[in-house]
2 protein chains.
Amino acid sequence: MADEKLTLDEIAEKAGVSRTTASRVINNRPHVRPELRQRVMRVVGATGYRPNPIARSLAMQRSEIMGLVIPRSTHALFDDPYFPSLIQALAKTCNRHNYTLALFLFENEADEEQLYPRISKQGLLDGIILQVGEINDKLASRLMQENFPVLVIGRPKDVPDASYLDVDNVAGARKAVAHLFATGHQRVATITGPLATTVGIDRLEGYHQVLQEHDCPSDPALIAEGNFTRGGGYQAMQQLLPHQPDAVFIASDTMALGAMDAISEAGLRVPEDIAIVGFDDLAPAAQTTPPLTTIRQPIAQFGRKAVELLLDIIERGPYPPRRILMDTELVVRDSCEVHAG
Amino acid sequence: MADEKLTLDEIAEKAGVSRTTASRVINNRPHVRPELRQRVMRVVGATGYRPNPIARSLAMQRSEIMGLVIPRSTHALFDDPYFPSLIQALAKTCNRHNYTLALFLFENEADEEQLYPRISKQGLLDGIILQVGEINDKLASRLMQENFPVLVIGRPKDVPDASYLDVDNVAGARKAVAHLFATGHQRVATITGPLATTVGIDRLEGYHQVLQEHDCPSDPALIAEGNFTRGGGYQAMQQLLPHQPDAVFIASDTMALGAMDAISEAGLRVPEDIAIVGFDDLAPAAQTTPPLTTIRQPIAQFGRKAVELLLDIIERGPYPPRRILMDTELVVRDSCEVHAG
DNA sequence: ACAAGGTTTGGAAGCGCTTCCAAGTTTAAG
DNA sequence: CTTAAACTTGGAAGCGCTTCCAAACCTTGT
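Below: a short report on this structure. Counting from 1, residues in each chain are numbered in the order their sequence is written. Here chains are named by letter from A upward and ligands by number from 1 upward, in the order in which they appear as written. Per-residue local features of the predicted model are confined to residues with pLDDT of at least 70, and side-chain atom pairs are confined, for both listing and counting, to 80 or more; whole-chain, interface and lining totals are unaffected and use all residues.

1. Some points on unusual backbone geometry
Inference 1: Each neighbour pair has its own omega, and for Tyr319(A) with Pro320(A) the value is -10 degrees, a cis peptide bond.
Inference 2: Tracing the backbone through its elements, the reader meets Pro320(A) in the loop between α13 (299-316) and β11 (323-326).
Inference 3: The peptide bond linking Val270(B) to Pro271(B) adopts the cis configuration, its omega dihedral lying at 0 degrees.
Inference 4: Unlike most non-glycine residues, Asp158(A) shows phi in positive territory, near 60 degrees.
Inference 5: Among the structural elements, Asp158(A) can be located in the loop between β4 (150-153) and β5 (163-167).
Inference 6: One non-glycine residue with positive phi stands out, namely Phe228(B), at about 70 degrees.
Inference 7: Turning to its location among the elements, Phe228(B) is positioned in the loop between β7 (223-225) and α11 (230-240).
Inference 8: Exposed residues have 12 or fewer other C-beta atoms within 10 Å of their own C-beta, buried residues have 20 or more, and residues in between are partly exposed; the C-beta atoms are placed from the backbone. Take Phe228(B): there are 25 C-beta atoms within 10 Å of it, and that puts it in the buried class. Strands here mean DSSP runs of E at least two residues long; helices mean DSSP runs of H or I at least four residues long; both are numbered from the N terminus.

Dropping the structure here:
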């Protein structure tokens, strides 16, 4: 294996060709006589030469690095396996496409201000995958305005031409709540995500829709807002308990864990006293007692798709905006038995 | 805010100075008359100019990007909040030092082979933080051999001159096991991490040491190997149960969750029948019933320190190797009451 | 008033690569 | 055998920045 840094010129010289020709063979381009190509290849093999990616980036005006930015994430990032799974899926796909994934985590607006220049300006990043948080996330708009290739994960609001990839949260929530009704439950409550996020709103919307279809007026007392953390689920469930729901649709598995804490603390049982359907189907869902019935997000595909969409935007420009909703799937486990009543 | 891409030359021209001078003021270097400095600053402000980081990298032979590589991580990464916490701490510190963090996740040797060229060769990365997995992780050796700035997280074996940062696992395990004895337990078992990792070995070593100090021969039947996942903890506990330990030191909180599943499934109670001490003190530890007594790793400091060490290595070279063990702290909660017997 | 030393300034080279272009060489076709 | 149409090849100009160096300009002390 090589040691000292080699340059293309040195390779070219050793192979007795011009820099241009050497470049051609290294980039596997046509217009090189097979014999020469071989000669260069041999030198490359022998020396362990690898082109300097920075120089290449400068010349090609493309870095093959994409950024992943996750704003306002502290607690959820610690608490919810959604993010690790997503990050892993993205990193894997990036690498498969010979891209590098750079990570930007913001905790607050100050971070955002400070980091903004680093992610936005021409050069380092070819594009950005932005996990959208709050509804009015300015970040997406700012980046779009600067004509920066952006793919939003989640459905942004007030960002007209944004391309985004999201799970069909309304449909997913509908599946969950419909299942609760189908298993004979009547008083179906919900623990929502933060209602300042579209994901929170959409899952609540699905809940409302199904209630309406069952001629069930929605009762504000049966709706509690959570924050996608276990602690948040716990507190929300405590609010709900006095109103005696017989089932709860909970907008994330992690919150479901918290809710189950609250339920068992109150001396009640899942699913006998209260049925539960969660959302996400990440590792913890299968490990609760009882195992959680939940809505599966195809998170690996999700990561793959996200990278591919961004690549496409980088390649072919932002118009027309790409907008994709991915389907979810109801995974039936034991937290939601058929109801006797 | 600017839109089209500006170059240093354009700034220089607009300010009526040479490119060199413009560069000086942008990099805040001396030898510029205050008046000129102002003039350039004003133009920069007005145009929103930001230097192209790639070009700068090429000229300075430094990219201000560091890599984080986590090999063989699939299951644990999904399952254990240790990694998200670590990643977050690292990303944050990087940003504070104006560095960008690039993520490389390997799932298997094939990935490693495929990605190796991308991370190793001159250019893109100034240095690498390597989360060490298996004992014989070739990756660290390879990178060291290529004279690449590397900081290992965890204690590598068979990599002579590696700089590393680790938690003092032996001492931590000692605290845990000592606490178990101090609370009156006699038959203390352990669930280890993978014994092909130094962290697994070290925590077991601490266990052995304390047993020996209590004139307690270590009984192989009281030692079960886990894999840092919840499922692994569950299985290991099932192995242990027939041998009736009255306490278990479990090498990670995540495994402790699994062990508690097994214990309650067997109709036993924590801490009355079996006391438990975990390791990590991440979010889930405080949320179990009963809350887990555990060993706290200072993971945020850990991330900070890691980045700073790597920066130091980049700056001042790899010698002498830096080797730092960080202290842990016993966090007493309720999984380990004073024992009646 | 003048030399010695310091500060400011910009020209030009260079970081390592891609790529345009023109010149040279083959091949195919007429 | 000629001419057009390919294909090969390398020179040279860039990508946008830093930095060496020499020239020009100020100080200051004597």
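On we go from here.
2. Some words on the protein's contact with DNA strand D
Inference 1: Nearness is defined per residue: the C-beta atom, placed using the backbone, must lie within 6 Å of the molecule or strand. Taken together, 27 residues sit near DNA strand D, with Ser18(A), Leu8(B), Ser23(B), Ala55(B) and Ala59(B) positioned nearest.
Inference 2: For the surface near DNA strand D, the secondary structure elements donating two or more residues are α2 (19-26) and α4 (53-60) of chain A together with α2 (19-26) and α4 (53-60) of chain B.
Inference 3: Counting residues per element, the surface near DNA strand D draws most heavily on α4(B), which supplies five residues.

3. Observations concerning the interface of chain A and chain B
How big an interface is tends to be reported as the loss of accessible area on association of its parts.
Inference 1: With 37 residues of chain A in contact, the opposing surface of chain B contributes 37 residues.
Inference 2: If you list the elements that add at least two residues to the side of chain A that touches chain B, you get α4, α5 (74-79), α6 (82-96), β2 (100-105) and α7 (109-120) of chain A.
Inference 3: Looking at the side of chain A that touches chain B, the element that brings in the most residues is α6(A), giving seven residues.
Inference 4: The residue makeup of the side of chain A that touches chain B, split by class, is 19 nonpolar, ten polar and eight charged.
Inference 5: In the sheet, β2(A) pairs with strand β2 (residues 100-105) of chain B via three bridges, with the strands oriented antiparallel. Any two residues are considered in contact once their C-beta atoms, placed from the backbone, lie within 7 Å. Each residue receives one of three labels: charged for Asp, Glu, Lys and Arg, nonpolar for Ala, Val, Leu, Ile, Met, Phe, Trp, Tyr, Cys and Pro, and polar for the others, Gly being one of them. Pairs of strands are assigned from DSSP output, requiring at least two bridges between the strands.

4. A word on the nonpolar core
Inference 1: We define the nonpolar core as any set of buried residues of the types Ala, Val, Leu, Ile, Met, Phe, Trp, Tyr and Cys, connected via C-beta atoms lying within 7 Å of each other. Counting 170 residues, the largest nonpolar core has Ala259(A) and Ala259(B) as its most contacted members.
Inference 2: Setting aside residues up to four positions removed in sequence, Ala259(B) forms contacts with Ile191(B), Gly233(B), Tyr234(B), Ala236(B), Met237(B), Val248(B), Ile250(B) and Ile276(B).

5. Quick notes on the relation of the copies chain A and chain B
Each of the two chain copies can be brought onto the other by rotation about an axis and movement along it.
Inference 1: Each copy is superposed on the other by least squares, with the fit set by C-alpha atoms of residues at a pLDDT of at least 70 in both. It takes a turn of 180 degrees to lay chain A on chain B, together with a shift of 0.0 Å along the axis; the resulting RMSD is 0.1 Å. Between the two chains, the operation in question is that of a two-fold axis. Relative to the rotation axis, the closest C-alpha in chain A is found at Ala102(A), a distance of 2.1 Å.
Inference 2: Interface overlap between copies: 100% of the residues of chain A at the interface are likewise at the interface in chain B, consistent with a symmetric, same-surface contact.

6. Overview of the sheet that holds strand β6 (residues 188-192) of chain A
The strands making up a sheet are joined through hydrogen bonds of the backbone, oriented either antiparallel or parallel.
All names here are of chain A.
Inference 1: Within the open sheet, the four strands sit side by side as β7-β6-β8-β9. Their pairing is parallel. Two strands bound the open sheet, and with one partner strand each, they are β7 (223-225) and β9 (275-277). Strand-to-strand twist of the sheet, defined as the mean angle between neighbouring strand axes without regard to direction, takes the value 20 degrees.
Inference 2: Pairing of strand β8 (residues 247-250) with β9 involves three bridges; the strand directions are parallel. Among the inter-strand pairings, Phe249 is bridged to a residue of β9, identified as Val277.
Inference 3: The sheet strands contacting helix α10 (residues 198-213) are β6 and β8, and the helix crosses β6 at an angle near 170 degrees. Under this scheme, a helix contributes an axis fitted over its contacting stretch, all axes are lines through C-alpha atoms, and angles between N-to-C directions fall in the 0 to 180 degree range.

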